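Understanding the architecture of this molecule
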Amino acid sequence: MKKAMCYGILASFFFAFTFLLNRSMNLMGGYWMWSATLRYLFMLPLLALLLSARSVRRKPNSFSASSCFRSVVIAIQAQPIPWVLWSTVGFGLFYLPLTLASLYGESWLTAASWQITIVAGVLLAPIFNKKIPLKNLAISVLILTGVFLLQMQNISGQSIQENCFALIPILIAAFAYPLGNRKMMEYCPSSIDTMERVFGMTLCSLPFWLVCSLAALSMNGLPTSGQMIQSFGVALFSGVIATVLFFHATDLVKNDQRKLAAVEATQCGEVIFTLLGGILILGDPLPDVAGFVGIALIVIGIIANSLISGC
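Quick look at the structure, then. Remember, it's a predicted structure, so these values are computed and weren't measured experimentally.

What follows concerns the overall build of the chain. Tallying secondary structure elements over the chain gives 14 helices and zero strands in all. Start at the N end of the chain and walk to the C end: the helices and strands fall as α-α-α-α-α-α-α-α-α-α-α-α-α-α. Scored against the burial criterion, the 311 residues of the chain give a buried share of 56%. Within the chain, counting contacts between residues at least 6 apart in sequence, those at least 24 apart form 87% of the total. Counting only carbon and sulfur atoms, one obtains 71% of the accessible surface of the chain, whose full area is about 13,300 Å².

Quick look at the structure:
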């Protein structure tokens, strides 16, 4: 469990690049739909290279272009509809709305709002015939209280319509990400490891991203070189490194809903890392007093989740 929590916290550091670079692209005038689409278009070849390199390292004398992807292809062919459906939910309906939400506030505000996914993950337990872990739910409410305090200054400075535009996409993303991840853990055979699962999900979500890329092209033209470079950074740090770390962490505890909820709660670390990065790199304003109290509650929530889960 300690290893899973460490992987989760480390993943939250790399996930923070999502919010920082998306905000940076927005400030540079980059189109939000390209920011979402390019991440996954870049992720696919990056993951393919990593899988190929790993195959060469493991079996240098028997490597072939198809051998490194054979188990993934076989798994997808066995259940193509679940793979395409839940990959699109877990990646497409997660990241497209989250990128849209980044238009409506500083990077750390989006990261803070995203922590709704912690409660979403706990509430999804009945779908998988599991009981809701009440202690984790109570800790999640504490964390969300911290999130609310952190956002108070932004909420009061915007109209109801602006707040809805920011929060509704995040609500969709917050439920789609853990739902898609957990469903794919059910459908993946034991022969598929974490990196292969991420590659398979990226591949199966590709039709969704190709449609989005055509929509972005028709509405805004081609992305700029600056947006492509920063999107590559998001793909590498968040899409590959963070996703593989986080999915591996959830794989380690997937049979225990209490521990799974605790690992998913490590995503709160994104708020702290994004806050520091936004202030130091993007010049985002500091939170007010209530915001700092909120940060303290988030940190307390992470520690409490670790304690009640037996870390």
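Right, let's talk about the environment of valine 147 for a bit. Note on placement: valine 147 falls in helix 7 (residues 134-156). Residue valine 147 is classed as buried on the basis of its relative accessible area, which comes to 3%. Between the C-alpha atom of valine 147 and that of cysteine 268, which follows or precedes it by 121 residues, the distance is 9.3 Å. Setting aside anything within four residues of it in sequence, one finds valine 147 in contact with Ala112, Ser113, Gln115 and Ile298.

Residues Leu93, Ile168 and Ile172 make up a contiguous nonpolar surface patch of about 250 Å² in total accessible area. Summarising the element assignment, isoleucine 168 is placed in helix 8 (residues 160-187).

Turning next to the packing of helix 4 (residues 80-101) against helix 10 (residues 206-220). Packed helix pairs are specified by the crossing angle of their axes together with the interaxial distance, meaning the distance between the axes. Axis separation between helix 4 and helix 10 bottoms out at 9 Å; the angle between their running directions is 30°. Judged by the inter-axis angle, helix 4 sits roughly parallel to helix 10. Between helix 4 and helix 10, the residues in contact are Thr88, Phe91, Gly92, Tyr95 and Leu96 and Phe208, Trp209 and Cys212, respectively. Here the residues of the contact of helix 4 with helix 10 sort into six nonpolar, two polar and no charged.

The rules behind the values
- Here the residue index of a chain counts from 1 through its sequence in written order.
- A pLDDT threshold of at least 70 governs which residues receive local features in this predicted model, and a stricter bar of 80 or more applies before side-chain atom pairs are shown or counted, although totals over entire chains, interfaces and linings include all residues.
- Remark: hydrogens and water are excluded; side-chain values derive from all non-hydrogen atoms of the structure.
- Secondary structure elements are defined from DSSP: runs of H or I of at least 4 residues count as helices, runs of E of at least 2 residues count as strands, and each element is numbered from the N terminus.
- We call a residue buried when its accessible area falls under 20% of the maximum for its residue type, exposed when it is over 50%, and partly exposed in between, using a 1.4 Å probe and counting protein chains only.
- Throughout, a residue-residue contact means that at least one pair of heavy atoms, one from each residue, lies within 4.5 Å.
- Per-residue and other accessible areas follow the Shrake-Rupley method at a 1.4 Å probe size, with only the shown protein chains counted as cover for residues.
- The residues that make up patches have over 30% relative accessible area and no salt bridge, and they are joined within 9 Å when like-charged or within 5 Å when they are Val, Leu, Ile, Met, Phe, Trp or Tyr.
- Criterion for a salt bridge: a side-chain nitrogen of Lys or Arg within 4 Å of a carboxyl oxygen of Asp or Glu.
- Think of each axis as a best-fit line through the C-alpha atoms, taken over the contacting stretch in the case of a helix, with angles from 0 to 180 degrees between the N-to-C directions.
- With respect to orientation, any angle under 35 degrees is reported as roughly parallel, any angle over 145 as roughly antiparallel, any angle of 65 to 115 as roughly perpendicular, and every other angle as oblique.
- The nonpolar class holds Ala, Val, Leu, Ile, Met, Phe, Trp, Tyr, Cys and Pro. Asp, Glu, Lys and Arg form the charged class, and all remaining residues, Gly among them, are polar.

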